[in-house]
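Remarks on the overall topology
Residue-level listing of the chains:
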Amino acid sequence: MRPDAEVFLCRLAREFRPRVEQSADGLLQVVRGELPELLEHEDLEALALEEGVSHVSTFLDVLERRLDVTEVEAPEVALEVGRQLARRGVSISDSLRAYRLGHLLLLQQLQEEAARLSDDWELINAATTRLVSTAFEYVDRASEQIVAVYQEERDLLLQRRLILANEAGKRIGTTLDTVRTAEELAEVGTEGFADAVTVDLLCSVLHEEDRRPAQGAQELRRIAHRSALDGLPVSVVGADEVFTYPVGSEPARALATGQALLHRTPVPGAPARQESRAPVPDGGSLLSLPLRARGTTLGLTQFLRRRPAPPFDEDDLILAQEIADRAAVSIDNARRYTHERDTALALQRSLLPRGPVKQSAVEAASRYLPSGTHAGVGGDWYDVIPLSGARVALVVGDVVGHGIHAAATMGRLRTAVRAFADIDLMPDELLTHLDDVVIRLGREEELHDGETSATCLYAIYDPVSRLCSLASAGHPLPAVAQPSSPGGDGPASRAVDFLDVAVGPPLGLGGFPFETAQFELAEGSLLVLFTDGLVARPGRDVDSSLTVLRDVLGREPDSPEEVCDRLLATLLPTRPADDVALLVARTRALDHGHVAVLDLPSDPAAVSGARRFTSGKLAEWGLEELSFSTELVVSELVTNAIRYGRSPVQLRLILQDTLTCEVSDASSTAPHMRRARTFDEGGRGLLLVAQFAGRWGARYHREGKVIWAEQTLPAGSQ
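These numbers come from a predicted model, not from an experiment.

**Quick word on the packing of aromatic side chains**
- By the definition in use, this model includes 4 aromatic pairs.
- With a centroid separation of 5.7 Å and 80 degrees between ring planes, the pair formed by Phe 193 and Phe 303 is classed as edge-to-face. Separated by 110 residues along the polypeptide, Phe 193 in the loop between helix H7 (178-189) and strand E1 (196-202) and Phe 303 in strand E6 (residues 296-305) bring together distant segments of the chain. The same class applies to Phe 193 as to Phe 303, namely buried.
- Residues Phe 193 and Phe 312 carry aromatic rings whose centres are separated by 5.4 Å and whose planes lie at 40 degrees to one another, so their mutual orientation is tilted. Here the residue Phe 193 occupies a position in the loop between H7 and E1, and Phe 312 occupies one in the loop between E6 and helix H9 (314-351), the gap between them amounting to 119 residues.
- The buried category is assigned to Phe 193, whose relative accessible area is 6%.
- In this structure an aromatic cluster arises from ring pairing among Phe 193, Phe 303 and Phe 312.
- A cation over an aromatic ring shows up here: Arg 305 above the ring of Phe 193, its NZ or CZ 5.2 Å from the ring centre.

**Thoughts on helix H11 (residues 427-445)**
- If you check H11, its first and last C-alpha atoms are 26 Å apart, about what 19 residues at 1.5 Å a residue would give, namely 27 Å.
- What H11 keeps buried is the set Pro 427, Asp 428, Leu 430, Leu 431, Leu 434, Asp 435, Val 437, Val 438, Ile 439, Leu 441, Gly 442 and Glu 445.
- Residues of H11 that are buried make contact with helix H10 (404-422), strand E10 (454-462) and strand E11 (467-473).

**Remarks on the nonpolar core**
- Among the nonpolar cores identified, the biggest contains 52 residues, and Trp 381, Leu 394, Leu 413, Leu 431, Leu 434 and Tyr 458 are the most heavily contacted of them.
- It is E10 that provides the largest number of residues to this core, a total of 7 residues.
- When near neighbours in sequence (up to four residues on either side) are disregarded, Leu 431 contacts Cys 456, Tyr 458, Ala 471, Ser 472, Ala 473, Leu 507 and Phe 514.
- Among the nonpolar cores identified, the runner-up in size contains 40 residues, and Ala 186, Val 199, Leu 317 and Ala 320 belong to it.

**Looking at the side chain of Ser 664**
- Inspection of the secondary structure assignment puts Ser 664 in strand E21 (residues 658-665).
- Judged by its relative accessible area of 17%, Ser 664 is buried.

**Quick word on the confidence of the model for the chain**
- Here the chain shows a mean pLDDT of 82. Residues at 70 or above account for 87%.
- Note that residues 267-276 has pLDDT below 50 and, in this model, 20 contacts with residues that lie over four places away or in other chains.

**Brief notes about the packing of helix H4 (residues 76-87) against helix H6 (residues 121-171)**
- Where H4 meets H6, the axes come as close as 8 Å, and the angle between the chain directions of the two elements is 40 degrees. Here the hand of the crossing between H4 and H6 comes out right-handed. Contacts between H4 and H6 involve Ala 78, Leu 79, Gly 82, Arg 83, Leu 85, Ala 86 and Arg 87 from the former and Gln 145, Ile 146, Val 149, Tyr 150, Glu 153, Arg 154 and Leu 157 from the latter.

**Regarding the sheet that holds E21**
- If you trace the 5 strands from one edge of the open sheet to the other, you get E19-E20-E21-E23-E22, paired in antiparallel fashion. The open sheet has two edge strands, strand E19 (595-600) and strand E22 (695-701), and neither has a second partner. Each adjacent strand pair in this sheet contributes to an overall mean axis angle of 15 degrees, direction not counted.
- Sheet topology note: the E21/strand E23 (residues 704-712) ladder contains 8 bridges and is antiparallel. Counterpart to Cys 661 in the pairing with E23 is Ala 709.
- Contacting E19, strand E20 (649-655) and E21, helix H14 (residues 606-620) runs over the sheet at an angle of about 170 degrees to E19.
- Sitting on the sheet, helix H15 (residues 627-644) touches E19, E20, E21 and E23, and the angle it makes with E21 is about 15 degrees.

**Digging into the sheet that holds strand E16 (residues 517-520)**
- Ordered in space as E8-E9-E10-E11-E16, the 5 strands form an open sheet in which the pairing is antiparallel. Each edge of the sheet is formed by a strand with only one pairing partner; in this case those strands are strand E8 (378-386) and E16. When strand polarity is set aside, the average angle formed by the axes of neighbouring strands in this sheet is 15 degrees.
- Where E11 meets E16, 4 bridges bridge the pair, whose relative direction is antiparallel. Bridge pairing in E16 links Leu 470 to Ala 517.
- Sheet contacts for H10: E8, strand E9 (392-402) and E10; angle to E8, the most-contacted strand, approximately 20 degrees.

**Overview of the pattern of salt bridges**
- What the rule picks out here adds up to 29 salt bridges.
- The residue Arg 586 makes a salt bridge to Glu 363 at a minimum N-O spacing of 3.8 Å. Highlighted residues: Arg 586 in strand E18 (residues 580-587) and Glu 363 in strand E7 (residues 362-369), separated in sequence by 223 residues.
- A relative accessible area of 17% means that Arg 586 is categorised as buried.
- What makes Glu 363 partly exposed here is its relative accessible area of 30%.
- Residue Asp 565 is joined to Arg 367 by a salt bridge in which the shortest nitrogen-to-oxygen separation is 2.9 Å. Separated by 198 residues along the polypeptide, Asp 565 in helix H13 (residues 560-571) and Arg 367 in strand E7 bring together distant segments of the chain.

**Regarding the side chain of Arg 699**
- Following the sequence through the fold, Arg 699 ends up in strand E22.
- There is a polar contact of 2.8 Å between the side chain of Arg 699 and the side chain of Ser 388.
- With sequence-adjacent residues up to four places away left out, Arg 699 is seen in contact with Ser 388, Gly 389, Arg 391, Asp 424, Arg 652, Glu 662, Gly 704, Lys 705, Val 706 and Trp 708.

**Examining the pairing of E8**
- For E8, the tally of buried residues reaches 8 of 9 residues, placing the bulk of the element in the interior.
- Pairing of E8 with E9 involves 9 bridges; the strand directions are antiparallel. Each residue of the ladder has a partner; that of Asp 380, found in E9, is Asp 398.
- Linkage of E8 to E9, two consecutive antiparallel strands, is achieved through a turn of 5 residues, within which Gly 389 is found at a positive phi near 70 degrees.

What counts as what
- Residues numbered from 1 in each chain as written.
- Predicted model: local features only at pLDDT ≥ 70, side-chain atom pairs only at ≥ 80, totals over all residues.
- Heavy atoms only, no water.
- Phe/Tyr/Trp six-rings, centres within 6.5 Å; stacked < 30°, edge-to-face > 60°.
- Helix = DSSP H or I, 4+ residues; strand = E, 2+ residues; numbered from the N terminus.
- Buried < 20%, exposed > 50% of the residue type's maximum accessible area, 1.4 Å probe, protein only.
- Lys NZ or Arg CZ within 6 Å of the ring centre and 35° of its normal.
- Expected span 1.5 Å × (residues − 1).
- Contact = heavy atoms within 4.5 Å.
- Core = buried A, V, L, I, M, F, W, Y, C linked by side-chain atoms within 4.5 Å.
- pLDDT = per-residue confidence, 0-100.
- Axes fitted to C-alpha atoms, helices over the stretch in contact; angles between N-to-C directions.
- Left-handed = near helix turned anticlockwise from the far one by under 90°.
- Pairing = 2+ DSSP bridges.
- Salt bridge = Lys/Arg side-chain N within 4 Å of Asp/Glu carboxyl O.
- Polar contact = N/O pair within 3.5 Å; in protein donor to acceptor, adjacent residues only side chain to side chain.

Shown next, in the form of structure tokens:
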């Protein structure tokens, strides 16, 4: 090359330097026209202008100082533009095309300047040859460095996305709670990915059947929202608010089509768009992602970025869709579990006693707590059943398993227990019949859900004799707290014992006997029946729990309601691992003045004496209004016992909430009601008893049977 060409290039660089900014601006205008997507952001456009100035200045330095191009470093601002383009997902080919286009335009400008500085065309041609060679070397050198930082930034983005996807898999769906799962999605999304996240679920998915949306609109409930920036309003929609997206808006289209959408809002000053109720400030970008699982659209989640953060690109959309898909499955699992659990709990509570049972033998209080784990509702139950003769039956039971099936089985067993109690079976006989029921249920379920098993404790308390009879089928025995006694100057205390009686096998095994134990309870004693969920919990053995239970019951007397609360607060400070049924009963004793007993000989003449005894006792109790009907009932029952039964025969009158007439004898045969024909001399006695009595029946015991009839007391009587 001619030596004077090098000198000419140095002069050319010096003469062109005052117009560097003008040149860079011209280059930027041309690039904007050719590749508008590269400069669609204001912050990037300003940075690109600075980059153009740096490139032109650096290239002029190469010409003026005769630098070795292979040792020239690309301007730092050019490397930063490469990083920004990588973050925005701009193709590297588009970026390199912009560099080549810019340098080509710079060459044209320098050639025009060379023609202005000299009319020696040989000198200009020699200088141009050197200029083009140097320019391409510079472009190649700068492109290598820019491609390197671009790829490095893309690798970092990929790494961050993989980390985010991994974090989403770990942190979303840790519970089976719908709201918490939505909150986890919002938390993960706002940690280095989006500036704000909202999660909306369809009301129909949340089983809000009472809501009726407008025609063509789908109502949603805002379940979770979160912002990572201070002062950034998350949304015009508040937490837990019900709303609809306008028809035609981006979120509405995403819901309708089931397709994820990426869109950017206009910069300030641009025409306003249709209100979408999306949390997007001016100049931001938004991802609208339908939450779909198992072919069902559950709702919509939206990710927002605002300036100056790079807008979302297609790769971000793919990543967000992956996160949303994982979250949708977890939300669907949570809502299905919640729905099944709520259904089972509603079924369970509907099958349990809905309120205090009217009876005066005991003062009772009860509690049922479903499991706090994923197992959910189980088959624990309790019951208080009024029996004849002022007695009461106390029942607790536990069906093995959890969920709707266990709750339904519990309901069937509770119904069976009530049916058997209604025929006044002894505890061991009742459990034997209940065992047969469980065996039959197990046979029915073998083809579907495997075997059925349960435990049950059945106790009968008689306030007249203060005797308690109970039998257990594999169930924990109750605790008995004696009436409180003064403890000197300290608070009153109780003696607490756990009954030591035989426990039979669980229900469903068959072929094993059950035993009834009898013991006397002092008036005011506490009888505490419970399922194993109260005393068996992780981290504490059963003996320790029973010791705590003994300590709680041993304190000064409280009402059964307070005892229930104290037991649950002490033994179960957190949600139980298994469901719990608790029944606490304080015994009462019937005053002897409310019970009248008459022993009768096996002589038909004794019937008249029984009528006189009844009439006198009713007069003493102020129940003369019931004399006629009661004497008739007593006459019929005593006559049947003397004629068809065996000695000893006894008449007992019990005044409580009702007036009960009982006639017992040593025979096990019971009369039955039948319709007498026109000329029959007998057969009408029990029909008359049934007409005058509110309830009547028979119960059997070891020494014979008891025929009883109850009458409602007149209004105003005590």
